Amino acid sequence: MAINESDGEIPMESPLKAHWNEAYTKTETQKLGWFEASCKETIDLIHKTKIAKDAPILNVGVGSSFVVDELLSDGYSNIIAHDFSEKALSVLANRLPQNSNKVTYLLDDLSNPEKLLNLREVALWNDRAVLHFFTEEKDQNTYFETLKKVVKKGGFVILAVFALHGAEKCCGLSLQRYNAAMLQRKLGDDFELLTSFEHVFVNPYNSERPYIYTLFQRKHK
Ligand SMILES: C[S@@+](CC[C@H](N)C(=O)[O-])C[C@H]1O[C@@H](n2cnc3c(N)ncnc32)[C@H](O)[C@@H]1O
């Protein structure tokens, strides 16, 4: 599968995108600081939603995460793998060639979305370790506006981000850390918090990284 930035002019690469492309170029997936060998916490939350196996699952900023492999082996068949790093999506696509009809690759910037805005009726928005990189309020607002445009009524949102007492940086970048109440405020009253818990992720270098995991449902009204 070819992952093209666009069909027209070659756009300038932003420094941030270059930063992430370099991370995925220099380091193999299993040695990335955020690599998790098992995505159990996320998969358990997805099971709680009881969404259909063919329901559209949008994995924002998925990188080369094995969450896609785990979803496939669980029988999910409508998986959108999104990132703005074409290198990350290439690593993922090269690992999963036999599943090309079940995974759609979407290259777009969450801070300046275009293709993401064409999505509608997403059953599940799944984010692990992405939202916390948006430290500017305008980027956070863009993120949540996009989420609210594409997640269907009755649909679900998983936000797994660094907890308030978590690390201050990841991949050399500053972070906005969260608790469940802060995420609820960003989502607003149309979303109900179904469950939240803290999970201390131990990274490949044996450092502890406390996360807050949250599962929200968009109200049906
Ligand atoms: C720490 S990694 C997490 C990757 C994956 N979710 C995981 O848990 O392994 C953060 C990911 O967010 C992506 N990302 C960062 N800023 C982004 C943006 N503005 N738009 C889209 N993706 C972005 C990066 O390319 C990277 O793959």
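Just so we're clear, the structure is a prediction, and the values are computed from it rather than from any experiment. (Residues numbered from 1 in each chain as written. Predicted model: local features only at pLDDT ≥ 70, side-chain atom pairs only at ≥ 80, totals over all residues.)

(A) Seen up close, the pairing of strand S2 (residues 79-83). Burial runs high along S2: five of the five residues are buried. Burial along S2 is two-sided: Ile79, Ala81 and Asp83 facing one way and Ile80 and His82 facing the other are all buried. Pairing geometry for S2 and strand S3 (residues 103-107), over five bridges, is parallel. Directly across from His82, in S3, lies its bridge partner Leu106. For the crossover from S2 across helix H4 (residues 86-95) to S3, the handedness is right-handed. (Buried ≥ 20, exposed ≤ 12 C-beta atoms within 10 Å, placed from the backbone. Helix = DSSP H or I, 4+ residues; strand = E, 2+ residues; numbered from the N terminus. Pairing = 2+ DSSP bridges. Right-handed = clockwise from strand over helix to strand, strands pointing away.)

(B) Summary view of the nonpolar core. Counting 53 residues, the largest nonpolar core has Leu58, Ala81, Val157 and Val161 as its most contacted members. Top contributing element to this core by residue count: strand S5 (residues 151-162), with eight residues. Ignoring anything within four residues of it in the chain, the contact list for Val161 reads Ala129, Leu131, His132, Tyr178, Tyr211 and Ile212. (Core = buried A, V, L, I, M, F, W, Y, C linked by C-beta atoms within 7 Å. Contact = placed C-beta atoms within 7 Å.)

(C) Broad picture of the packing of helix H1 (residues 15-26) against H4. Running from N to C, H1 and H4 cross one another at 35 degrees; their axes reach a closest spacing of 7 Å. On the side of H1, the interface is formed by Trp20, Asn21, Tyr24 and Thr25, while H4 contributes Glu86, Lys87, Ala88 and Val91. Classifying every residue of the contact of H1 with H4 by side-chain character gives four nonpolar, two polar and two charged. (Axes fitted to C-alpha atoms, helices over the stretch in contact; angles between N-to-C directions. Nonpolar A, V, L, I, M, F, W, Y, C, P; charged D, E, K, R; others polar.)

(D) Looking closely at helix H2 (residues 40-49). When we look at burial in H2, the residues that qualify are Thr42, Leu45 and Ile46. Buried residues of H2, viewed axially, fall in a sector of 100 degrees; they line one side. For H2, exposure combined with an orientation more than 90 degrees from the buried face picks out Lys40 and His47. Where H2 is buried, its residues meet helix H3 (67-73), strand S4 (122-128), S5 and strand S9 (208-218). Backbone geometry just downstream of H2 places Lys50 in the positive-phi region, at approximately 60 degrees. (Arc of directions from axis to C-beta.)

(E) Seen up close, unusual backbone geometry. The residue Ala129 is not glycine, and still its phi comes out positive at about 65 degrees. Residue Asn206 is not a glycine yet carries a positive backbone phi of 65 degrees. Secondary-structure assignment places Asn206 in the loop between strand S8 (191-202) and S9. Judged by C-beta crowding, with 6 C-beta atoms within 10 Å, Asn206 ranks as exposed.

(F) Structural view of the sheet that holds S2. Read from one edge of the open sheet, seven strands run S3-S2-S1-S4-S5-S9-S8, paired in mixed fashion. Bordering the open sheet on either side are S3 and S8, each of which pairs with just one other strand. Across the sheet, the axes of successive neighbouring strands diverge by a mean angle of 15 degrees, strand direction being ignored. As judged from the eleven bridges shared by S8 and S9, these two strands associate in the antiparallel manner. Residue pairing across strands places Glu192 opposite Gln217, the latter belonging to S9. Sheet strands in contact with H2 are S4, S5, S8 and S9, and its direction is about 160 degrees off that of S5.

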